[in-house]
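Architecture and fold: a report
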Amino acid sequence: MNVKVRKQSFYLVICFLLSPLLALGGIFVEIYNKKKYAILIFSFFISICAYIYIPSGDLYRYYLLYTQYKDFSFFEMITDYHLDFIVYILIWGAAKLELGHAIVRFILVLLCSLMYFNIIQKISLQYIRNNKTFFCFFILSFFYFPFLSILTGLRFGAGLAFAFVSTYYSFVEYRKIKGFIFLLFSAFFHFSFIVLLPIWLLALNSKIIISRWTVIISCILILCFNTVLLSNFSIFDDFLIYNKMEAYSSGDDYIDTVSPLLRLILYLPRFLSVPVLFYILFKEEPSKMRNYLFYLMILVCLFSPFETPFGRYLSVLFLFSFLGYLSDYRIKECNYWKVLLLCSMFSFLLQIMPLYKSIKLTNYPSLLYTPYPIAFFKTYETEWINEHVGTTGEILN
């Protein structure tokens, strides 16, 4: 039997190397059978998808940095940035080694997906015995994985994945030192995660159990009086994050400048994940993890006047809440996951829609007939990029 299993694994790996897209069906079958190596191959699959994605949107800015860094010394590069330096170091290293700007996306998606799915698999195998349910939880987990955020923006998505790992080690395995290290690295990817440090410390060290109604009332009061809070925001001008918030509170990035309808459309994909918050609020038993999520809910409300930070911390809250849901042993006793699967699927599809032109230009069907190693030779010349991508990263045709 073991020989047969090894042969199946070998054939699937060979098929994947020759035709990544063709092997996808077999990968899903092996994930259904709870094979760990299949999740590893799946991580390599989404990583090559990230690698061949065209440099549009924020990625165009990173492409420009890549071209600039070819002539930069390490000191010249590092003096331009402060806390969140990891992605810039990776881009600088890729530029100096002439590896191509896309290799950074490949590395980040591969690293983050391996960490993320390892945790998902570790938790799921403890409680879920049925293969069908396990597979559905894997698909559900993929929809929550910040793949699109890493793909299109690098820094925040990678930071979110590291913060997710930090939350797991801190509040599921109770390994504080390891959790702190991953949280620190998440801030090194994106400065916004440094804000999580105070509530992380508070949730780990406080013995007070926060009631759900305290959180609900606090959030309502903050949302009602956030204008007053905003007017006094300058009292925090000695903090590192103040300048960032000040920039977000002016111009087109300020949420009050957009219409309610546009605001609804903008956040609809995220609000489709709201059901997981109801589980945390009304189902999950009191714990340090639940306290952490409650503090995070309050934090999200505090940042509600600022469009970009509000959206980012909302994404953090949803992903951490999903971890809280997944780590609850009672999930095997109910079918609430079906609601989450349906909502997260629609949320994922809505997030893909704005990327339609970029995805179409990327030509993902080529992975059907392009061997995996050959896909690394797919590059976008400067002339092609200038023809198809505008100066702000928009698709021209």
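Residues numbered from 1 in each chain as written. Predicted model: local features only at pLDDT ≥ 70, side-chain atom pairs only at ≥ 80, totals over all residues. Heavy atoms only, no water.

Attention shifts here to the overall build of the protein. Per the secondary structure count, the protein includes 23 helices and zero strands. Relative to its 397 residues, the protein shows a buried fraction of 51%. Sequence separation of at least 24 residues holds for 77% of the intrachain contacts in the protein that already meet a minimum separation of 6. Surface summary for the protein: the accessible area is close to 19,200 Å², and the carbon and sulfur share equals 67%. (Helix = DSSP H or I, 4+ residues; strand = E, 2+ residues; numbered from the N terminus. Buried < 20%, exposed > 50% of the residue type's maximum accessible area, 1.4 Å probe, protein only. Contact = heavy atoms within 4.5 Å. Areas by Shrake-Rupley, 256 points an atom, 1.4 Å probe, with all protein chains shown as cover.)

Turning to the pattern of salt bridges, a few remarks are in order. Overall, the coordinates contain three salt bridges when judged by the stated rule. With its nearest N and O atoms 2.4 Å apart, the salt bridge here joins R155 to D84. Taken together, the residues span a long stretch of sequence, with R155 in helix α10 (residues 155–171) and D84 in the loop between α5 (74–78) and α6 (86–97) at a distance of 71 residues. Each member of the pair, R155 together with D84, is buried. For E173, the salt bridge identified is with K122, shortest N-O distance 3.6 Å. With E173 in the loop between α10 and α11 (176–189) and K122 in helix α7 (residues 102–127), this residue pair connects regions lying 51 residues apart in the sequence. It is possible to trace a salt-bridge network through shared partners that takes in K122, E173 and R175. (Salt bridge = Lys/Arg side-chain N within 4 Å of Asp/Glu carboxyl O.)

Quick look at the packing of α10 against helix α19 (residues 307–326) now. Where α10 contacts α19, the axes come no closer than 10 Å and their chain directions differ by 35°. The way α10 lies across α19 gives a crossing that is right-handed. Contacts between α10 and α19 involve F156, L160, A163, F164, T167 and Y168 on the former and, on the latter, R312, S315, V316, L319, F320 and L323. Among the residues making up the contact of α10 with α19, the classes are represented as nine nonpolar, two polar and one charged. (Axes fitted to C-alpha atoms, helices over the stretch in contact; angles between N-to-C directions. Left-handed = near helix turned anticlockwise from the far one by under 90°. Nonpolar A, V, L, I, M, F, W, Y, C, P; charged D, E, K, R; others polar.)

What follows covers helix α12 (residues 196–205). Within α12 the residues assigned to the buried category are L196, I199, W200, A203 and L204. Each buried residue of α12 sits inside an arc of 130° when the element is viewed along its axis, so together they form one side. Its buried side turned inward, α12 meets α10, α11, α18 (288–302) and α19. (Arc of directions from axis to C-beta.)

Where a protein is soluble and globular, its nonpolar side chains tend to be buried together. Residues L196 and F320 are the most contacted members of the largest nonpolar core, which totals 127 residues. Take this core: its biggest share by element is 14 residues, from α7. With residues up to four places along the chain from it excluded, the contact list for L196 reads A163, L183, Y292, L296, L299, V316 and F320. Membership of the second largest hydrophobic core comes to seven residues, among which are I54, Y63, I385 and V389. (Core = buried A, V, L, I, M, F, W, Y, C linked by side-chain atoms within 4.5 Å.)

Looking now at the packing of helix α3 (residues 36–51) against α7. Remark: α3 packs on α7, axes separated minimally by 8 Å, with the N-to-C direction vectors making an angle of 150°. With respect to each other, α3 and α7 are oriented roughly antiparallel. Taken as a pair, α3 and α7 cross one another with a handedness that is right-handed. For the pair α3 and α7, contact is made by K36, I39, L40, F42, S43, F44, I46, S47, I48, A50 and Y51 and by A102, I103, R105, F106, V109, L110, S113, L114, F117, Q121 and L125, respectively. Along the lines of polarity and charge, the residues of the contact of α3 with α7 split into 16 nonpolar, four polar and two charged. (Parallel < 35°, antiparallel > 145°, perpendicular 65-115°, else oblique.)

Relative to the helices and strands, F143 resides in helix α8 (residues 131–144). The exposure class assigned to F143 is buried, which follows from its relative accessible area of 18%. It is 9.6 Å that separates the C-alpha atoms of F143 and C343, two residues lying 200 residues apart in sequence. Filtering out sequence-adjacent residues up to four positions away, F143 remains in contact with L341, S344, M345 and F348.

Below, the discussion takes up unusual backbone geometry. Although it is not a glycine, K34 sits at a positive phi angle of roughly 65°. Within the secondary structure, K34 sits in the loop between α2 (24–32) and α3. At E98, a position not held by glycine, the phi torsion is positive, near 55°. With respect to the helices and strands, the residue E98 is situated in the loop between α6 and α7. According to the relative accessible area criterion, E98 is exposed, its value standing at 66%.

Turning to the packing of aromatic side chains, a few remarks are in order. Both the distance between ring centres and the angle between the ring planes are used here to describe each pair of aromatic rings. Enumeration according to the criterion identifies 43 aromatic pairs in this entry. Measuring from centroid to centroid gives 6.4 Å for Y51 and F106, while their planes differ by 90°, and the two rings are edge-to-face. Here the residue Y51 occupies a position in helix α3, and F106 occupies one in helix α7, the gap between them amounting to 55 residues. Among the residues examined, F106 registers a relative accessible area of 9% and is labelled buried. A centroid spacing of 6.3 Å and a plane angle of 10° characterise the contact between F137 and Y325, whose relative ring orientation is stacked. In this pair, F137 sits in helix α8 while Y325 sits in helix α19, placing the two residues 188 residues apart along the sequence. Accessibility assignment for this pair places F137 and Y325 in one class, buried. Residue placement shows R61 over the ring face of Y62; its charged tip is 4.7 Å from the ring centre. The ring of F156 is capped by R312, whose NZ or CZ atom sits 5.7 Å from the centre of that ring. (Phe/Tyr/Trp six-rings, centres within 6.5 Å; stacked < 30°, edge-to-face > 60°. Lys NZ or Arg CZ within 6 Å of the ring centre and 35° of its normal.)

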